[in-house]
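Secondary and tertiary structure notes
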Amino acid sequence: MATTMGDAQVGLSQPRSIQLPGIVLGVGMGGFVDGILLHQLLQWHHMLSSTNQDHIGVKYYDPHTVSGLEMNTLWDGVFHTVCWLSVLLGLAILYARVTHNRMRVWTSRVLWGWMFVGWGLFNLVEGALDHHILGIHHVYAGDGQVWWDIGFLVLGALLVAGGYLLQRSGRPFDPNAPAGRSENRQA
């Protein structure tokens, strides 16, 4: 009895989603953008740079003194370690779910969309928690800091919405589908 391709696919389970690894990768990458750009390159804030105004009583380490900068840098390093572990975890989950046609995954709108969702979730959670609830640092401390902090949250919401829309415009990854040039452009 001949079996058609459609019949052969009936007994197979659906391919595992790349939603979770995309979000976890996005959280780590969003954290790296925050830490590298805002903490190190622009030096707008560090993890504990606003604890003199926090809401939980964390000891203040003035980032304009050597000892204060050392403590802030230590906590920036802890923050970067968490980001690095998030990226490693996201890659491990992605690798476990995709064993064939990996290039198609990396060029997929679905993966990149979920990564933007993860980055946006990072901004929303970190922004709400560290900037508003705990008050341990702000995007750009000083006059108008609330507007910088709100802008960070708005960027997070835009990343979540844009990422969600981007992943919806792609096709779910099927590791058993044949790879082709036209598929790479559409995914």
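In short, a report on the structure. (Residues numbered from 1 in each chain as written. Predicted model: local features only at pLDDT ≥ 70, side-chain atom pairs only at ≥ 80, totals over all residues. Heavy atoms only, no water.)

The secondary structure content of the protein amounts to seven helices and zero strands. Looking at the protein as a whole, 39% of its 187 residues are labelled buried. Residue pairs in contact within the protein that sit at least 24 positions apart in sequence constitute 75% of those at least 6 positions apart. For the protein, the exposed surface amounts to about 10900 Å²; the carbon and sulfur share of it is 66%. (Helix = DSSP H or I, 4+ residues; strand = E, 2+ residues; numbered from the N terminus. Buried < 20%, exposed > 50% of the residue type's maximum accessible area, 1.4 Å probe, protein only. Contact = heavy atoms within 4.5 Å. Areas by Shrake-Rupley, 256 points an atom, 1.4 Å probe, with all protein chains shown as cover.)

Once that is clear, we can look at unusual backbone geometry. Trans is the prevailing form of peptide bonds, just as negative phi is the prevailing case for residues other than glycine. Phi is positive for Gln43, which is not a glycine, with a value near 55°. Tracing the chain through its elements places Gln43 in the loop between helix 2 (19-41) and helix 3 (66-97). Given the relative accessible area of 57%, Gln43 is considered exposed.

Moving on to a nonpolar patch on the surface. Together, Trp84, Leu85, Leu88, Leu91, Met103, Trp106 and Trp112 line one region of the surface with nonpolar side chains, adding up to about 700 Å² of accessible area. Those elements that place two or more of their residues in the nonpolar patch are helix 3 and helix 4 (102-106). Ranked by residues supplied to the nonpolar patch, first place goes to helix 3 with four residues. Along the chain, the position of Leu91 falls in helix 3. Relative accessible area serves as the criterion here: at 34%, Leu91 is assigned to the partly exposed category. (Patch = residues over 30% accessible without salt bridge, like charges linked within 9 Å, V, L, I, M, F, W, Y side chains within 5 Å. Salt bridge = Lys/Arg side-chain N within 4 Å of Asp/Glu carboxyl O.)

Our focus in this paragraph is the environment of Leu166. Positionally, Leu166 belongs in helix 6 (residues 145-169). Between the C-alpha atoms of Leu166 and Val117, which are 49 residues apart in sequence, the distance is 9.6 Å. Apart from the residues lying within four places of it in its own chain, the contact partners of Leu166 are Arg109, Trp112, Gly113 and Phe116.

Two numbers describe how helix 5 (residues 109-133) lies on helix 6: the axes approach to 7 Å, and their chain directions differ by 160°. Accordingly, the angle class assigned to the pair helix 5 and helix 6 is roughly antiparallel. Crossing of helix 5 against helix 6: the hand is left-handed. Here the residues of the contact of helix 5 with helix 6 sort into 19 nonpolar, 10 polar and three charged. (Axes fitted to C-alpha atoms, helices over the stretch in contact; angles between N-to-C directions. Parallel < 35°, antiparallel > 145°, perpendicular 65-115°, else oblique. Left-handed = near helix turned anticlockwise from the far one by under 90°. Nonpolar A, V, L, I, M, F, W, Y, C, P; charged D, E, K, R; others polar.)

Our next topic: helix 2. Relative to the 33 Å expected for 23 residues at 1.5 Å per residue, helix 2 spans 31 Å between its end C-alpha atoms, a close match to the ideal helical length. Gln43 sits one or two positions beyond helix 2 and adopts a positive phi of about 55°. (Expected span 1.5 Å × (residues − 1).)

Further remarks concern the packing of aromatic side chains. Tallied over the full model, the rule gives six aromatic pairs. Plain terms: the ring middles of Tyr140 and Trp148 are 5.4 Å apart, the flat faces sit at 50° to each other, and that makes the pair tilted. (Phe/Tyr/Trp six-rings, centres within 6.5 Å; stacked < 30°, edge-to-face > 60°.)

This paragraph deals with helix 3. End to end, helix 3 covers 46 Å across 32 residues, agreeing with the expected 46 Å (1.5 Å per residue, within 8%). Along helix 3, the residues classified as buried are Gly68, Asn72, Asp76, Phe79, His80, Cys83, Ser86, Val87, Gly90, Ile93, Leu94 and Arg97. Where helix 3 is buried, its residues meet helix 2, helix 4 and helix 5.

Position of Leu38 relative to the elements: it lies in helix 2. Overall, Leu38 belongs to the buried group, its relative accessible area being 9%. For Leu38, the residues in contact, after removing those within four places along its chain, are Val33, Gln43, Trp44, His45, Val139 and Phe152.

This paragraph deals with the nonpolar core. Across soluble globular proteins, nonpolar side chains show a tendency to be buried alongside one another. Ile18, Ile23, Leu25, Val87, Leu94, Val98, Val105, Val110, Leu111, Trp114, Met115 and Val117 form the largest nonpolar core, which has 12 residues in total. Listing elements by their share of this core, those giving two or more residues are helix 2, helix 3 and helix 5. If you tally residues by element for this core, the top one is helix 5, at five residues. (Core = buried A, V, L, I, M, F, W, Y, C linked by side-chain atoms within 4.5 Å.)

Another point: the side chain of Arg97. Among the structural elements, Arg97 can be located in helix 3. Within the structure, the side chain of Arg97 is placed 2.6 Å from the backbone oxygen of Ser17, a separation counted as a polar contact. When neighbours within four sequence positions are excluded, Arg97 is seen to be in contact with Arg16, Ser17, Leu20 and Pro21. (Polar contact = N/O pair within 3.5 Å; in protein donor to acceptor, adjacent residues only side chain to side chain.)

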